[in-house]
Amino acid sequence: MKILLSVVVNSDESGAVKVGGSGERGDGLCDYDQRSPNRWFYGDKMVEVDFLMKLFEKILKEELDSFMRQGVRISVIGDSRKLPRSLQKCITKVTETTKRNSGCHLIMAVNYSGRTDIVHACRRISNKVKDGLIQPEDIDERLITHELETKCTEFPHPDLLIRTSGELRLSNFLMWQLAYTELYFDESFWPDFGEKEFVQALHSFQRRQRRFGGQNDDNLVNQKS
């Protein structure tokens, strides 16, 4: 099962910075949604992006050895061109260093927009048509899926999306990929979302009957590929 997690930065009692989430039960995705060029809103407070970016870079550097020991492969999706140059270099180093790991695939969405992802995929496909590489009739769901940023994983369609903090929306996240994903909403804020809450989400998923829009078995296989 592919589990999509929204991961945030947290710290333990000793002050050590941790990345929340579990890589033991499926793909983990870290979503940092940049809502303005200079600031993010967290509750009723504005948090400086500069601080968050430095914290993100610090975590990547400190956890790289741990990623290697545990066989975690790191991928980053989103528009990294707007990130600080030092963070861009850090992301490149971490993704290149871990790209052959096979224990778990952790995908971090940084400055990511689901709608923009689809727009860019359409542009790439239209350019291929323009260059004569494909014909318009070649365009199907599988082709579009392979042009999205989640092409970095063999499981682009998550089985389960867990959204914490009581928010009941997708917030422009993986708009194409979540078409048949089961959604689970929890009132807990992410730092309070622990193993107990995670297991409850899995139990909720197990009780559901998935129909994938009433598709037959052949279409179901194509949709999950």
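On a predicted model such as this, the values are computed, not experimentally measured, just so you know.

**Here we look at the overall build of the protein chain**
1) Next: Per the secondary structure count, the protein chain includes six helices and ten strands.
2) Next: Counting across all 225 residues of the protein chain, residues that qualify as buried make up 41%.
3) Next: Working note: accessible area of the protein chain is about 13400 Å², and carbon and sulfur atoms make up 48% of it.

**As for the packing of aromatic side chains**
Each aromatic ring pair is summarised here by two numbers: the centre-to-centre distance and the angle between the ring planes.
1) Next: As enumerated under the stated definition, the model contains two aromatic pairs in all.
2) Next: Relative to phenylalanine 173, the ring of tyrosine 112 has its centre 5.9 Å away and its plane inclined at 85°; by these criteria the two rings are edge-to-face. Of this pair, tyrosine 112 sits in the loop between strand 8 (104-110) and helix 3 (114-130) while phenylalanine 173 sits in the loop between strand 9 (160-163) and strand 10 (182-185); the two residues are 61 residues apart in sequence, bridging distant segments of the chain.
3) Next: By relative accessible area, which is 5% here, phenylalanine 173 ends up buried.
4) Next: An angle of 50° between the planes, with centres 5.9 Å apart, marks the rings of tyrosine 180 and phenylalanine 212 as tilted. Here the residue tyrosine 180 occupies a position in the loop between strand 9 and strand 10, and phenylalanine 212 occupies one in the loop between helix 5 (195-206) and helix 6 (217-224), the gap between them amounting to 32 residues.

**Description of the nonpolar core**
1) Next: Ranked by size, the top nonpolar core spans 17 residues in total, and within it Phe56, Leu60, Ile74, Leu87, Val94 and Met108 carry the most contacts.
2) Next: Of all elements in the fold, only helix 1 (49-70), strand 7 (72-77), helix 2 (85-98) and strand 8 reach the threshold of two or more residues within this core.
3) Next: In terms of residues, this core owes the most to one element, helix 1, which gives six residues.
4) Next: With nine residues, the next largest nonpolar core counts Leu160, Tyr184, Ala201 and Phe205 among its residues.

**Focus on the side chain of serine 66**
1) Next: With respect to the helices and strands, serine 66 occurs in helix 1.
2) Next: The class for serine 66 is buried, based on a relative accessible area of 13%.
3) Next: Side-chain polar atoms of serine 66 contact the side chain of glutamine 70, separated by 2.8 Å.

**As for unusual backbone geometry**
1) Next: In the Ramachandran plot, serine 165 falls in the positive-phi region, its phi being about 70° despite a non-glycine side chain.
2) Next: Within the element layout of this structure, serine 165 appears in the loop between strand 9 and strand 10.

**Overview of a nonpolar patch on the surface**
1) Next: Taken together, the side chains of Leu168, Leu183 and Phe185 make up a nonpolar region of the molecular surface, amounting to roughly 280 Å² of accessible area.
2) Next: Within the secondary structure, leucine 168 sits in the loop between strand 9 and strand 10.
3) Next: The exposure class assigned to leucine 168 is exposed, which follows from its relative accessible area of 66%.

**Some thoughts on the packing of helix 1 against helix 2**
1) Next: Two elements in contact, helix 1 and helix 2, have axes separated by 10 Å at closest approach and are oriented at 20°. Relative to helix 2, helix 1 is oriented roughly parallel. Between helix 1 and helix 2 the crossing geometry is left-handed. From helix 1, Met53, Phe56, Glu57, Leu60, Lys61, Leu64, Phe67 and Met68 reach across to helix 2, where they touch Ser86, Leu87, Cys90, Ile91, Lys93, Val94, Thr97 and Thr98.

**As for the pairing of strand 9**
1) Next: Burial along strand 9 is two-sided: Leu160 and Ile162 facing one way and Leu161 and Arg163 facing the other are all buried.
2) Next: With four bridges joining them, strand 9 and strand 10 adopt parallel strand pairing. Opposite isoleucine 162, over in strand 10, you have tyrosine 184 as the bridge partner.

**Some thoughts on the environment of serine 204**
1) Next: If you trace the backbone, serine 204 turns up in helix 5.
2) Next: A relative accessible area of 12% places serine 204 in the buried class.
3) Next: For the pair serine 204 and leucine 183, spaced 21 residues apart in sequence, the C-alpha to C-alpha distance is 9.8 Å.

**So, the pairing of strand 8**
1) Next: With respect to burial, strand 8 is a largely interior element, seven of its seven residues being buried.
2) Next: Side chains Cys104, Leu106, Met108 and Val110 project from strand 8 onto one buried face, and the interleaved His105, Ile107 and Ala109 project onto a second face that is buried too.
3) Next: As judged from the six bridges shared by strand 7 and strand 8, these two strands associate in the parallel manner. In the strand pairing of strand 8, valine 72 is matched with cysteine 104.
4) Next: Chirality of the crossover, the property in question, places the unit of strand 7, helix 2 and strand 8 among those that are left-handed.

About the criteria used
- Residues numbered from 1 in each chain as written.
- Predicted model: local features only at pLDDT ≥ 70, side-chain atom pairs only at ≥ 80, totals over all residues.
- Heavy atoms only, no water.
- Helix = DSSP H or I, 4+ residues; strand = E, 2+ residues; numbered from the N terminus.
- Buried < 20%, exposed > 50% of the residue type's maximum accessible area, 1.4 Å probe, protein only.
- Areas by Shrake-Rupley, 256 points an atom, 1.4 Å probe, with all protein chains shown as cover.
- Phe/Tyr/Trp six-rings, centres within 6.5 Å; stacked < 30°, edge-to-face > 60°.
- Core = buried A, V, L, I, M, F, W, Y, C linked by side-chain atoms within 4.5 Å.
- Polar contact = N/O pair within 3.5 Å; in protein donor to acceptor, adjacent residues only side chain to side chain.
- Patch = residues over 30% accessible without salt bridge, like charges linked within 9 Å, V, L, I, M, F, W, Y side chains within 5 Å.
- Salt bridge = Lys/Arg side-chain N within 4 Å of Asp/Glu carboxyl O.
- Axes fitted to C-alpha atoms, helices over the stretch in contact; angles between N-to-C directions.
- Parallel < 35°, antiparallel > 145°, perpendicular 65-115°, else oblique.
- Left-handed = near helix turned anticlockwise from the far one by under 90°.
- Contact = heavy atoms within 4.5 Å.
- Pairing = 2+ DSSP bridges.
- Right-handed = clockwise from strand over helix to strand, strands pointing away.

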